[in-house]
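Topology and contacts: notes
Here is what each chain is made of, one letter per residue.
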Amino acid sequence: MIQDILKKSVLEKEDIVHLLATQGEEMKMLLKKALETKLSRLDNRIHLRGLIEMSNICRKSCLYCGVRSDNRKVERYTLSEDEVVECAKLAHKLGYGSVAIQSGERNDAAFVESITRILHRIKEIDNGALGVTLSLGEQSEDVYRQWFEAGAHRYLLRIESSNEELYYKIHPHDERHDFHKRLACIDSLLRIGYQTGTGVMVGLPFQTSEILADDLLFFKEKDVAMVGMGPFIPHPDTPLYQYSDQIPTIEERMNLTLKMIAILRLMMPEINMVAATANQTIDPMGREKAIMAGANVIMPNLTPNEYREDYLIYPDKACVSDKPEECFSCLDIRMKAIGHEILYNAWGDSVAFTKKKAATT
Ligand code: SAM
Ligand code: SF4
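These lines cover the structure that appears in this document, whether it is placed above or below. Quick caveat, the model's predicted, so the values are computed rather than measured.

**Observations regarding the overall build of the chain**
Assigned secondary structure in the chain consists of 15 helices and 11 strands. Rg of the C-alpha trace for the chain: 19 Å, near the compact-globule value of 21 Å for 361 residues, within the 12% margin. Each of the 361 residues in the chain was classed as buried or not, and the buried ones make up 59%. For the chain, the exposed area adds up to about 14,800 Å²; of that, 52% sits on carbon and sulfur atoms. Treating the 45 positive side-chain charges of the chain as one cloud and the 53 negative ones as another, the clouds have centres 3 Å apart.

Take a look at the structure:
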């Protein structure tokens, strides 16, 4: 009985699999419980991360991603350091409180040093007023530490799938795409003291409910501070596109994503969870639905508009033509309409992380 499962304080794998299969009224009960949990353990406030898509140059070739290095159709770009800092200044002006710098993966010294310089410059804006999340892929522990010391304090590195077999079905099996290296990177980030985020795509070919349940248990076992989960969206210029007829429908992927968010909110009530842009791409109300299922973070895009068409990790990405100022007022109205409020001018750290840190120091 779903009522009995929802009363449990610890969810076992079989409970999660059961909850992932809910439909109709039962699914509504799950989402309602997750929203209640978020409102009681956190509040109705939404944290913003101004998203800066710094570069689509990537050394990797993940089989699902539109900007993979083997996709020759993509025009490659890298924002200048000045452009990144300008985006951060705009975030501060709009009261976003935090920025998230995302990029294809590069490990060369020029890139590493450039990020370090950018971090120092962002930290100079209004005496370190902005929080900084990085999502720059796999790096050595030394590089992660260098960026941490330069001012980054949150890092997002999705495991993509915690199931090794599935991981190698969605990535080439070579030294640049090594499941164990990815795991080791997450451990490095945790060890250094980042608010560490991870996550998975939902609705991948070959993905089962059991695998998704294991993903949620993996997040809990790692005790991460943040999670980002969004629906998989097949990109026609990628190898995984050939399996498009073997994945759940758009509606099913949306519902599955909402259930994943809701179940995780029950399992980890005080973490930060992102309402991913991919949700809004497959459903105009997808971001709101994710918030109502338990998410509490939104990443409005601040990338200069002329570059956005080249950062299409999946097709028809939402808000590609919106100007940052338009996003700003649109978001505020949309969140109020669902009984939520944006918290401006704050870092919006993970409560789970803050409490854990306080308990260990
Ligand atoms: N390169 C870094 C990395 O991979 O961690 C950060 C940028 S990468 C584009 C950010 C995320 O986009 C990935 O973690 C992946 O989950 C997501 N992504 C890529 N292709 C996608 C697709 N076709 N559908 C949904 N999400 C996708
Ligand atoms: Fe590169 Fe990230 Fe895309 Fe993989 S998901 S190809 S690492 S940008």
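More follows now that the structure is in view.
**Remarks on the site of ligand 1**
The full set close to ligand 1 counts 18 residues, and Tyr-64, Ser-103, Arg-158, Glu-160 and Ile-233 are the nearest of them. Between ligand 1 and the protein, one listed contact pairs a nitrogen atom with a backbone N or O atom of Ser-103 at 3.0 Å. Take Arg-182: an N or O atom from its side chain is 3.2 Å from an oxygen atom of ligand 1. By residue class, the composition of the shell around ligand 1 is 10 nonpolar, five polar and three charged.

**Some words on the packing of aromatic side chains**
The geometry of an aromatic ring pair comes down to the distance between the two centres and the angle between the two planes. Counting across every chain of the model gives 10 aromatic pairs. With a centroid separation of 5.0 Å and 70° between ring planes, the pair formed by Phe-206 and Tyr-243 is classed as edge-to-face. Of the two residues, Phe-206 sits in the loop between β7 (201-202) and α9 (209-222) while Tyr-243 sits in the loop between β8 (226-231) and α10 (250-267), which places them 37 residues apart along the sequence. Its relative accessible area of 24% is what places Tyr-243 among the partly exposed residues.

**Description of the site of ligand 2**
In the neighbourhood of ligand 2, the contacting residues comprise Cys-58, Lys-60, Cys-62, Tyr-64, Cys-65, Val-67, Arg-68 and Gly-104. Class assignment for the residues of the shell around ligand 2 results in five nonpolar, one polar and two charged.

**Regarding the pattern of salt bridges**
For side chains of opposite charge, pairing can occur when their charged atoms come near one another. As enumerated under the stated definition, the model contains 28 salt bridges in all. For the salt bridge of Asp-82 with Arg-121, the shortest nitrogen-to-oxygen distance reads 2.9 Å. You can see Asp-82 sitting in helix α4 (residues 81-93) and its partner Arg-121 sitting in helix α5 (residues 109-124), a full 39 residues away along the chain. Put simply, Glu-160 and Arg-182 hold a salt bridge, and the shortest N to O gap is 3.6 Å. Here the residue Glu-160 occupies a position in the loop between β5 (154-156) and α7 (164-170), and Arg-182 occupies one in helix α8 (residues 179-192), the gap between them amounting to 22 residues. A relative accessible area of 10% places Glu-160 in the buried class. Look at Arg-182 and you get buried, because its relative accessible area is 8%. Overlapping salt bridges, with partners in common, bring together Arg-59, Lys-60, Glu-105, Glu-138, Glu-160, Lys-181 and Arg-182 in one network.

**Some remarks on the nonpolar core**
Counting 96 residues, the largest nonpolar core has Ile-101, Leu-134, Trp-147, Phe-219, Met-229 and Leu-264 as the members making the most contacts within it. The element that contributes the greatest number of residues to this core is α10, accounting for 10 residues. Excluding residues within four positions of it along the chain, Leu-264 makes contact with Leu-216, Phe-219, Val-227, Met-229, Ile-271 and Met-273. Core analysis: the next-biggest nonpolar cluster, separate from the first, contains 13 residues, Cys-65, Val-67, Leu-166 and Met-201 among them.

**Let's talk about the environment of Lys-289**
Here Lys-289 lies in helix α12 (residues 286-292). The class for Lys-289 is partly exposed, based on a relative accessible area of 36%. Between the alpha carbons of Lys-289 and Ala-275 there is a distance of 8.5 Å; along the sequence they are 14 residues apart. Not counting residues up to four positions away in its chain, the partners in contact with Lys-289 are Met-254, Leu-258 and Asp-283.

**Some remarks on the pairing of strand β2 (residues 50-55)**
In terms of burial, β2 is a largely internal element, six of the six residues being buried. Pairing of β2 with strand β3 (residues 98-103) involves five bridges; the strand directions are parallel. Residue pairing for β3: Ile-52 is matched across the bridge by Ile-101. Between β2 and its parallel partner β3, the chain crosses via α4, and the hand of that crossover is right-handed.

What counts, and at which threshold
As a convention, each chain's residues are numbered from 1 in the sequence order in which they are written. The order in which chains are written sets their letters, starting at A; the order in which ligands are written sets their numbers, starting at 1. Whole-chain, interface and lining totals are the exception, using all residues; otherwise, since this is a predicted model, local features are given only for residues with pLDDT of at least 70 and side-chain atom pairs are given and counted only at 80 or more. To obtain the side-chain values, all non-hydrogen atoms of the structure were included, while hydrogens and water were left out. Numbering of helices and strands runs from the N terminus, with a helix taken as a DSSP run of H or I at least four residues long and a strand as a DSSP run of E at least two residues long. Radius of gyration means the value over C-alpha atoms here, while the globule rule gives 2.2 Å times the residue count to the 0.38 power. Three exposure classes are used, based on accessible area relative to the maximum for each residue type with a 1.4 Å probe and protein chains only: buried under 20%, partly exposed in between, and exposed over 50%. The protein chains shown are the only cover counted for residues, whose accessible areas, like all others here, come from Shrake-Rupley with a 1.4 Å probe. In this tally Asp and Glu are treated as negative and Lys and Arg as positive; neither His nor the chain ends contributes. Charge positions come from single atoms, namely NZ of Lys, CZ of Arg, CG of Asp or CD of Glu. It suffices for a single heavy atom of a residue to lie within 4 Å of a molecule or strand for the residue to be listed as near it. A 3.5 Å cut-off defines polar contacts: any pair of N or O atoms within that distance qualifies, except that in protein one atom must be a possible hydrogen donor and the other a possible acceptor, and neighbouring residues in sequence count only when both atoms are side-chain atoms. We call Asp, Glu, Lys and Arg charged. Ala, Val, Leu, Ile, Met, Phe, Trp, Tyr, Cys and Pro are nonpolar, and the rest, Gly among them, are polar. What counts as a ring pair is set by centres within 6.5 Å for rings of Phe, Tyr and Trp (its six-membered ring), and what kind of pair is set by the plane angle: stacked under 30 degrees, edge-to-face over 60, tilted for all other angles. Should a side-chain nitrogen of Lys or Arg be within 4 Å of a carboxyl oxygen of Asp or Glu, the pair is scored as a salt bridge. Here, the term nonpolar core denotes a set of buried Ala, Val, Leu, Ile, Met, Phe, Trp, Tyr and Cys residues that are joined through side-chain atoms within 4.5 Å. The contact criterion used is simple: two residues touch if any of their non-hydrogen atoms lie within 4.5 Å. Any two strands with at least two DSSP bridges between them are considered paired. Handedness of a crossover is defined as follows: orient the strands so they point away from the viewer, and if the path from the first strand over the helix to the second runs clockwise, the crossover is right-handed.

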